[in-house]
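Chains, contacts and geometry: an overview
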Amino acid sequence: MSAVCLNARSISKAYESGLIFKRRRSILEDVSLELKSGETFGLVGDSGSGKSTLGRIIAGLERPTGGDVLFHGKSIYEMNGAEFSKFRRSVQTLFQDPEGSLNPRKSIERSMHDVLRLIGLPMRDWRRRTSEMLQMVGLTEEILCRRPDQLSGGQNQRAALGRVLLLEPEVIVLDEPTSALDISVQAQMLHMLKDLQRDLSTGYLLISHDMDVVKFMADRAGCLEQGRVIPLDGKSIALCSEIR
Amino acid sequence: MDGRGSCQPFKGLGLQSSLGAVLFILFVIVAIFSEGLSPYDPWARFQPYQPPDIQHILGTNDMGNDIFSELIFSSRISISVGLGAALIATAIGTLVGLISGYFKGLADEALMGVTDIVLMIPSIPLIIILAAFLRPSPWDIALIMGSLWWTSTARVVRSRTLQVREMKFVESARSLGFSDIHIITSEIFPNIFQVVLPKFVLAIASAMISEASISFLGLGDPSMKSWGTMISFAFSRGGFINGYWWWYMPPGICIIAFVFSVVMMGFSLEEDRDDGMRLE
Amino acid sequence: MSLLEARHLFVEFWTPAGRVKAVDDVSFEIGKDETLALVGETGCGKSVVAGAIMGLFSENAHFKGEVIYNGKNILELCEREMSMIRGSEISMIFQNPSLALNPVYTIGDQVSELLRTRCGRKKRQALKISENLLQHMGFSDTGTVAGMYPFQLSGGMNQRAMIAASMALSPKILIADEPTKGLDGSLVRDVVREMECAREISGSSILLITHDLSLAREISDRIAIMYSGEILEIGGTDEFFKSPSHPYSKALLNSLPERGFQPIPGQSPSMIHSPQGCKFHPRCSRSMEDCSSGRPAMARHGKRMVRCRLFA
């Protein structure tokens, strides 16, 4: 029975627009979610249902209008600088667009080295660590000197994943990680993610509109519908009306 | 993806910008190596009012200075004022634009307010007034120009920063935990550089012309030779009336040629942008 | 009797990095009133094939081969003759409809544009016909929709409007280039329905270009699998999905969720330096020694054509 490491409690997010006549649009309402260490939680829902927003809130990239996010029991909004930095490193995000995550003007190597510098690894270890990383995500050394626009979608997504893994996070929020990829590349990516989870005990919050992907990857799943998360027992589809 | 035609003498540059670059470099070499290239010391006095001949290619002025030597040495002041002012203007503009565009909110409002105020200040009249009262050196003029001209660069950098800021890789960088300073310098700046460079280059042109104008109006420092002062003296000492074309045509042509070279480089740089960041 | 036939089509792009062989000896035919799906992954050259048929080439493209339509090789036609064919006989719809439609003209204007310019219809008449077309596409309040601009409609609606526009002159062939890319499940179903509808009304044949196997399965009669610029297998859709012949086809179907997301090892080859011999052999589980020497030719296997040594 693994411990709960991330806990979203009663999250609500609403957008207000207009100066005089205010219009309030509620995306999330009283949403709660629990993620245990080393497990995959699949979050499904149609586009526009707010699942990406929920993912960002849980990763600390956006603030909700209400509710709390707890990391190992402590609210991330009450953390001091050092604790929040630690949280940031432990909860990472992989985005949908493979080419977008990496700076188009930097070679893959530079992007990797920036992160290694950030975590304070001494320069003499950079080469070794980068090599280990490439092996883990199934890339060869020759891509290091290339820039994102010279690589395929699959390669870019792997490089982005590799960069995230350099931080050795506890949880990775996977926001539609394979929807922009070809079928065979998607298959490769999903298997790789599963293997990595087995080796590194990383937890995944998998956000996807594709039920098949969630069924393949997730241990537990929930459906985000009208701003609330409805748990799917045993990954049954019956409760989730929007999914085909 | 080249600029003009398929001729590419230098890697990545089209014909137009290559020509501009060559000319520019020539001028800079002349400015740096003035001592070696000029036949005489520009302050040395010879027989005045000499028309062009073998001894003095462009003749001598009313003080007896060899005009060709003057021309070569004047490049120094003209070019360095141009470069100096452009550097200051671009540096300030880029900084303001980056901070404004990245942090948005209060910083943005404040900085854009300052930009608007500075925009309202008419730069040339101000320089003329200051020059009339304070008799500044060319470096002071460069400083003043730089402090007034950064506004358009700031605007352009700001809007590009606003664009780049929303791109996914910036969000990734934030998510990885990089500091704001790192993101601005390492992630955003390289992506706005393509916008800053042509602005810098064109600012050199503007600065040069302004310096020339001010010197021409007689407000420059008479003890330092620049192309503008040469034309000014040509005017005030009777060169125009007497038709001594070798007094005013050479510096005029130099100004035009230098500005032309700079503009050719600048416009080509603005067009040949393959920044790989099309907004799909 | 085939409507359109591509014979040994080659398209190369000359780039500073080398010659990209985007289309490497592609041959297929489209019959009357049938839907052919051209399926392949990103970068396999399928969109280039579509562009070739329409005569839309970029500056650095060099092509060779024939595309026979109405007894003529349309690759040899001049621009003027080609533009007469486009829109009226062969029409194309693109992915990302919101970008393909001009944001400053109304839907009605854009759907009726071809009717006004090609058939010389008067504006009101053309609009009436357009509204009819829109109705067939499933729009209920056609009068209002015709007066709206693309940004006011959703992606799915814009896609349907674009299909309506391309069907305006009842073309014989409709080329659909990734019509459902980026669309959600329910929208994909809508687009599928509209395309079948369009087919019924004007009796057009459809060349469907997609990477979505399930879409191909649903609406196509025949299917061609493309890999690195070549067609590896071409045949009837139902038989294909029941038992694919080419190892790549089999591997592709195995990557589908229904079969457990089984990955294909390796990556797609470079189109500048392609592998010697069969382009798929480095990743093939059934490759033999002579797979690396000499390209296998298309051979008949039952009712299909397969490019593989196993069937030579």
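Residues numbered from 1 in each chain as written. Chains lettered and ligands numbered in written order. Predicted model: local features only at pLDDT ≥ 70, side-chain atom pairs only at ≥ 80, totals over all residues. Heavy atoms only, no water.

1. Quick look at the pattern of salt bridges
Inspection of every chain in the model, using the stated rule, returns 39 salt bridges over all chains. Across the pair A:Arg128 and A:Asp125 runs a salt bridge whose closest N-O atoms are separated by 3.8 Å. Among the ionic pairs, C:Arg295 bridges to C:Asp24, the shortest N-O distance being 3.3 Å. In this pair, C:Arg295 sits in the loop between helix 11 (247–254) and strand 11 (299–301) while C:Asp24 sits in strand 2 (residues 18–31), placing the two residues 271 residues apart along the sequence. Several salt bridges converge on common partners, so that one network encompasses C:Asp24, C:Asp25, C:Glu230, C:Lys279, C:Arg295 and C:Arg307. (Salt bridge = Lys/Arg side-chain N within 4 Å of Asp/Glu carboxyl O. Helix = DSSP H or I, 4+ residues; strand = E, 2+ residues; numbered from the N terminus.)

2. Observations concerning a nonpolar patch on the surface
All names here are of chain B. A surface patch of nonpolar side chains, about 480 Å² in accessible area, is lined by Ile25, Ile29, Ile32, Phe33 and Leu37. Per-element accounting of the nonpolar patch gives the leading share, 3 residues, to helix 1 (residues 15–32). Structurally, Ile29 is set in helix 1. (Patch = residues over 30% accessible without salt bridge, like charges linked within 9 Å, V, L, I, M, F, W, Y side chains within 5 Å. Areas by Shrake-Rupley, 256 points an atom, 1.4 Å probe, with all protein chains shown as cover.)

3. Looking at the interface of chain A and chain B
At the junction of the two partners, chain A supplies 20 residues and chain B supplies 18 residues. Taking both partners together, chain A and chain B bury about 1800 Å²; carbon and sulfur atoms supply 52% of that area. Joining chain A to chain B, the criterion identifies 2 salt bridges. Two residues, A:Lys106 and B:Glu187, come together in a salt bridge whose shortest N-O distance is 3.1 Å. Counting every contact that joins chain A to chain B gives 9 residue pairs in polar contact (both at pLDDT 80 or more). At the level of elements, strand 6 (91–94), helix 3 (108–118) and helix 5 (153–165) of chain A are the ones that each hand at least two residues to the side of chain A that touches chain B. The dominant element in the side of chain A that touches chain B, judged by the number of residues it contributes, is helix 3 of chain A, at 4 residues. (Contact = heavy atoms within 4.5 Å. Buried area = accessible area lost by both parts, 1.4 Å probe. Polar contact = N/O pair within 3.5 Å; in protein donor to acceptor, adjacent residues only side chain to side chain.)

4. A short note on the sheet that holds strand 1 (residues 4–17) of chain A
All names here are of chain A. Judged by pairing direction, the sheet is antiparallel, and its 4 strands sit side by side in the order 2-1-4-5 without closing on themselves. In the strand order of this sheet, the two ends are held by strand 2 (23–36) and strand 5 (74–75), each with one partner. Two strands pair when backbone bridges link them, and strand 1 and strand 4 (residues 66–71) are joined in this way by 5 bridges, in the antiparallel orientation. By the bridge assignment for strand 4, Leu6 is matched with Phe71. (Pairing = 2+ DSSP bridges.)

5. Side note on the interface of chain A and chain C
Counting residues at the interface gives 18 residues for chain A and 20 residues for chain C. On the chain A side of the interface with chain C, the three residues burying the most area are A:Asp182, A:Ile183 and A:Ser184, jointly 39% of the side's total. Scanning the region where chain A abuts chain C turns up 6 residue pairs in polar contact (both at pLDDT 80 or more). At the level of elements, helix 6 (183–200) and helix 7 (211–217) of chain A are the ones that each hand at least two residues to the side of chain A that touches chain C.

6. Here's the deal with the packing of helix 5 of chain A against helix 6 of chain A
All names here are of chain A. Relative orientation of the contacting elements helix 5 and helix 6 amounts to 15 degrees, with a least axis distance of 11 Å. In terms of axis orientation, helix 5 runs roughly parallel to helix 6. Handedness of the crossing formed by helix 5 with helix 6: right-handed. On helix 6, the residues touching Gly154, Gln157, Arg158, Leu161 and Leu165 of helix 5 are Val185, Gln188, Met189, Met192, Leu193, Leu196 and Leu200. (Axes fitted to C-alpha atoms, helices over the stretch in contact; angles between N-to-C directions. Parallel < 35°, antiparallel > 145°, perpendicular 65-115°, else oblique. Left-handed = near helix turned anticlockwise from the far one by under 90°.)

7. Section: the sheet that holds strand 5 (residues 72–73) of chain C
Residue and element names in this part refer to chain C. With respect to topology, 4 strands assemble into an open sheet ordered 2-1-4-5, the strand pairing being antiparallel. The open sheet has two edge strands with one neighbour each: strand 2 and strand 5. Bridge count between strand 4 (residues 61–69) and strand 5: 2 bridges; the pairing is antiparallel. Within strand 5, the position partnered with Ile68 by the bridge is Asn73. Lying on the sheet, helix 1 (residues 46–54) is in contact with strand 1 (2–15), strand 2 and strand 4; it crosses strand 2 at an angle near 70 degrees.

8. Comments concerning the nonpolar core
Soluble, globular proteins show a tendency: their nonpolar side chains are buried together. In terms of nonpolar packing, the biggest core is built from 58 residues, with A:Leu161, A:Ile172, A:Met217 and B:Ile188 touching the most fellow members. A per-element tally of this core places helix 6 of chain A first, with 7 residues. Every residue in contact with A:Ile172, bar those within four places of it in the chain, is listed here: A:Gln92, A:Leu94, A:Leu161, A:Val164, A:Leu165, A:Thr202, A:Gly203, A:Tyr204 and A:Leu205. Counting 52 residues, the second-largest nonpolar core is a separate cluster that includes C:Leu101, C:Phe139, C:Ala146 and C:Leu215. (Core = buried A, V, L, I, M, F, W, Y, C linked by side-chain atoms within 4.5 Å. Buried < 20%, exposed > 50% of the residue type's maximum accessible area, 1.4 Å probe, protein only.)

9. Here we look at the pairing of strand 2 of chain C
Walk down a regular strand and you will see the side chains alternate between the two sheet faces. All names here are of chain C. Buried residues dominate strand 2, accounting for 10 of its 14 residues. Summarising the sheet, strand 1 and strand 2 pair through 11 bridges and their orientation is antiparallel. Note on strand 2: the bridge partner recorded for Thr15 is Gly18.

10. Quick word on the packing of aromatic side chains
Under the definition given, this model contains 23 aromatic pairs over all chains. Where A:Phe71 meets A:Phe87, the ring centres are 5.2 Å apart and the plane angle is 65 degrees; that geometry is what we call edge-to-face. Pair noted here: A:Phe71 is in strand 4 and A:Phe87 is in helix 2 (residues 81–90), with a separation of 16 residues, a long-range link. The same class applies to A:Phe71 and to A:Phe87, which are both buried. Aromatic ring contacts, followed pair by pair, group B:Tyr49, B:Tyr244, B:Trp245, B:Trp246 and B:Trp247 into a single cluster. (Phe/Tyr/Trp six-rings, centres within 6.5 Å; stacked < 30°, edge-to-face > 60°.)

11. Topic: helix 3 of chain A
Along helix 3 of chain A, the residues that are buried comprise A:Ile108, A:Ser111, A:Met112, A:His113, A:Asp114, A:Val115 and A:Leu116. Packing partners of the buried residues in helix 3 of chain A comprise helix 4 (126–136) and helix 5 of chain A together with helix 7 (168–176) and helix 8 (180–216) of chain B. A positive phi of about 80 degrees marks A:Gly120, the residue just after helix 3 of chain A.

12. A few points about the environment of C:Leu127
Residues and elements named next belong to chain C. Along the chain, Leu127 turns up in helix 5 (residues 123–136). Taking the C-alpha atoms as reference points, Leu127 and His211, separated by 84 residues in sequence, lie 35 Å from one another. Setting aside residues up to four positions removed in sequence, Leu127 forms contacts with Gly108 and Ser112.

13. Section: the arrangement of the chains
For this structure, the chain pair with the highest number of contacts among 2 pairs of chains in contact is chains A and B. No interface is formed between chain B and chain C, the nearest pair of C-alpha atoms being 9 Å apart.

14. Overview of the confidence of the model for chain B
When pLDDT is averaged along chain B, the result is 82, and 91% of the positions lie at 70 or above. Counted against residues more than four places away or in other chains, residues 1–11 of chain B, with its pLDDT under 50, gives 19 contacts. (pLDDT = per-residue confidence, 0-100.)

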